[in-house]
Amino acid sequence: MEADNPMPKASSLRWRLLREALLRRGDHSCETSLSRVSRRATNGFSMIPFHLVDQPSVADVDEKFNDACFCYTLPVEGVPKLYLMQRVDVGARLEDFEVCNRYDIDNTGLVCQWPSEDVLAYFCMMHADMFRSKRVIELGSGYGLAGLVVGAASDALEVVITDGNPQVVDYIQRNIHLNSKAIGGTKMSCMTLHWNQEYASSLTGTFDVIIASDCTFFKEFHKGLAQTVKLLLKEGPSEALFFCPNRGDTLDKFLKVVEECGMHFNVTENYDPEVWKRHGGFMNGDPAWPNYAKDHCYPLLVRLTL
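Residues numbered from 1 in each chain as written. Predicted model: local features only at pLDDT ≥ 70, side-chain atom pairs only at ≥ 80, totals over all residues. Heavy atoms only, no water.

The protein chain carries the name Calmodulin-lysine N-methyltransferase in an unreviewed UniProt entry, which gives Kalanchoe fedtschenkoi as its organism.

Enquirer: Give me the lowdown on the overall build of the protein chain, citing residues and values where you can.
Expert: Of the regular secondary structure elements, the protein chain holds twelve helices and ten strands. By the burial criterion, 47% of the 306 residues in the protein chain qualify as buried. In the protein chain, the proportion of contacts linking residues at least 24 apart, taken out of those at least 6 apart, comes to 71%. Just so you have it, the protein chain exposes about 15,600 Å², and 51% of that area is on carbon and sulfur atoms. (Helix = DSSP H or I, 4+ residues; strand = E, 2+ residues; numbered from the N terminus. Buried < 20%, exposed > 50% of the residue type's maximum accessible area, 1.4 Å probe, protein only. Contact = heavy atoms within 4.5 Å. Areas by Shrake-Rupley, 256 points an atom, 1.4 Å probe, with all protein chains shown as cover.)

Enquirer: Any details on the sheet that holds strand β1 (residues 50-53)? Residues and values, ideally.
Expert: Taken together, the three strands give an open sheet; going across it, the order is β1-β2-β3, and neighbouring strands pair in antiparallel fashion. Each having just a single partner strand, β1 and β3 (79-87) make up the two edges of the open sheet. Averaged over all pairs of adjacent strands, the angle between strand axes in this sheet comes to 30°, irrespective of strand direction. Where β1 meets strand β2 (residues 67-76), four bridges bridge the pair, whose relative direction is antiparallel. (Pairing = 2+ DSSP bridges. Axes fitted to C-alpha atoms, helices over the stretch in contact; angles between N-to-C directions.)

Enquirer: Lay out the nonpolar core in plain terms, naming residues and giving numbers.
Expert: Of all hydrophobic cores here, the largest spans 85 residues; its most connected members are I211, V229 and F242. With near-sequence residues (within four places) excluded, V229 lies in contact with L139, I210, A240, F242, M263 and L304. (Core = buried A, V, L, I, M, F, W, Y, C linked by side-chain atoms within 4.5 Å.)

Enquirer: Which residues make up the packing of aromatic side chains, and what values do they have?
Expert: For the structure shown, the criterion picks out 19 aromatic pairs. Note on F217 and F218: the rings are 5.2 Å apart at their centroids and 75° apart in plane angle, and the pair reads as edge-to-face. Residue F217 is classed as partly exposed on the basis of its relative accessible area of 35%. The class of F218 is partly exposed, set by a relative accessible area of 29%. Considering the side-chain rings of F218 and F221, the 6.1 Å spacing of their centres and the 65° angle between planes classify their relative orientation as edge-to-face. The rings of F45, F123, F243, Y271, W276, F282, W289, Y292 and Y298 are connected pair by pair, giving a single aromatic cluster. One residue, R247, lies across the ring of F217, its end atom 4.8 Å from the ring centre. (Phe/Tyr/Trp six-rings, centres within 6.5 Å; stacked < 30°, edge-to-face > 60°. Lys NZ or Arg CZ within 6 Å of the ring centre and 35° of its normal.)

Enquirer: I'd like to hear about unusual backbone geometry, residue by residue, with values.
Expert: A positive phi angle, near 50°, is found at S46, a position not held by glycine. Of note, S46 is situated in the loop between α2 (31-37) and β1.

Enquirer: Describe the sheet that holds strand β10 (residues 300-305), and please don't skip the residues or the numbers.
Expert: Hydrogen bonding along the main chain pairs the strands of a sheet, whether they run parallel or antiparallel. Strand order in the open sheet formed by seven strands is β6-β5-β4-β7-β8-β10-β9, with mixed pairing between adjacent strands. This sheet does not close on itself; its edge strands, each paired only once, are β6 (187-192) and β9 (264-268). Across this sheet, the average inter-strand angle for adjacent strands is 20°, counted without regard to direction. Alignment of strand β8 (residues 239-244) against β10, held across five bridges, turns out to be antiparallel. Counted as the bridge partner of F243 is L301 from β10. Along the sheet face, helix α9 (residues 222-232) touches β4 (135-139), β7 (209-213), β8 and β10 and points at about 170° away from the line of β4. Along the sheet, helix α10 (residues 250-260) makes contact with β8, β9 and β10, crossing β10 at roughly 10°.

Enquirer: A description of the side chain of D163 should follow, citing residues and the corresponding values.
Expert: Tracing the backbone through its elements, the reader meets D163 in strand β5 (residues 158-163). Buried D163, no salt bridge; nearest opposite-charge side chain is R87, N-O distance 12 Å. A polar contact of 3.3 Å, which involves the side chain of D163, links it to the backbone nitrogen of S141. In this structure D163 touches G140, S141, G142, V168, V169, I172, M191, T192 and L193, once residues within four positions along its chain are discounted. (Lys, Arg positive; Asp, Glu negative; His and termini not counted. Salt bridge = Lys/Arg side-chain N within 4 Å of Asp/Glu carboxyl O. Polar contact = N/O pair within 3.5 Å; in protein donor to acceptor, adjacent residues only side chain to side chain.)

Set out below in structure tokens:
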């Protein structure tokens with residue numbers, strides 16, 4: 001009977017995965033559990049073609065950190081390729097958790113290139129004109145793909161790529177260096193930015209456009225994130241572009257905080273025909289993303305304004 005072998009809860013599965021990672025076991029006994037806990041796809045929406053560079057000529061692979069270099073091919077004249085160094089460990093490290101505890105952050109930016117970031121990068125590439133001569137900042141960027149796309153494919157005046165995890169920011173700095181030729185005249189930089197911290201006040205009213213992806217999942221950060229957006233946007237024409245799945249009520253709760261902070265928002269479900277087409281394919285059982293679920297996986301376009 002089913003009652004004799006009840007299905008374990010997702011929380012217990014997560015603890016099991018953490019235990020497996022810390023023990024660094026060589027087998028794959030937790031793969032079945034992982035399929036229930038995570039809806040992350042290997043390639044996501046695959047809006048920008050990419051492949052692993054086995055022996056990248058642009059940089060040495062850091063064997064200490066088991067890094068790999070991914071080459072993204074942008075269909076943009078004069079910008080054929082971007083390179084991203086990413087960490088590809090199969091196991092967790094104790095220092096990762098120490099950093100998370102020290103800065104009160106999560107380490108999701110180290111895990112992979114998340115699907116919403118892929119969609120954000122593609123949207124920025126297809127709407128490059130909106131960044132021309134603008135100051136742009138990316139929040140919670142992970143490895144910085146979208147910010148690098150803005151720097152390479154548009155004539156932005158300045159792009160600042162940020163994350164709350166200093167380990168991630170080290171990778172961003174390396175990726176900016178790797179792509180210095182592709183970036184051209186745009187001023188590019190990165191920084192560690194914790195939402196709602198005092199030193200962010202030095203950036204008050206600085207940016208024309210804020211971009212971010214999948215940053216609204218953790219409810220405890222909603223107020224800090226909304227206040228940071230309000231702080232960073234300049235007066236006059238300016239906006240923040242967020243790409244976020246609903247994920248239960250997390251997006252709705254964030255938007256309520258946005259209103260409480262005195263900002264306005266607009267949510268668009270179908271914002272690009274190609275993204276919508278791929279979403280439809282996944283909903284209809286495309287095997288490339290077997291555990292796809294709209295609520296958890298499909299990023300909505302949320303525009304925030306003062």
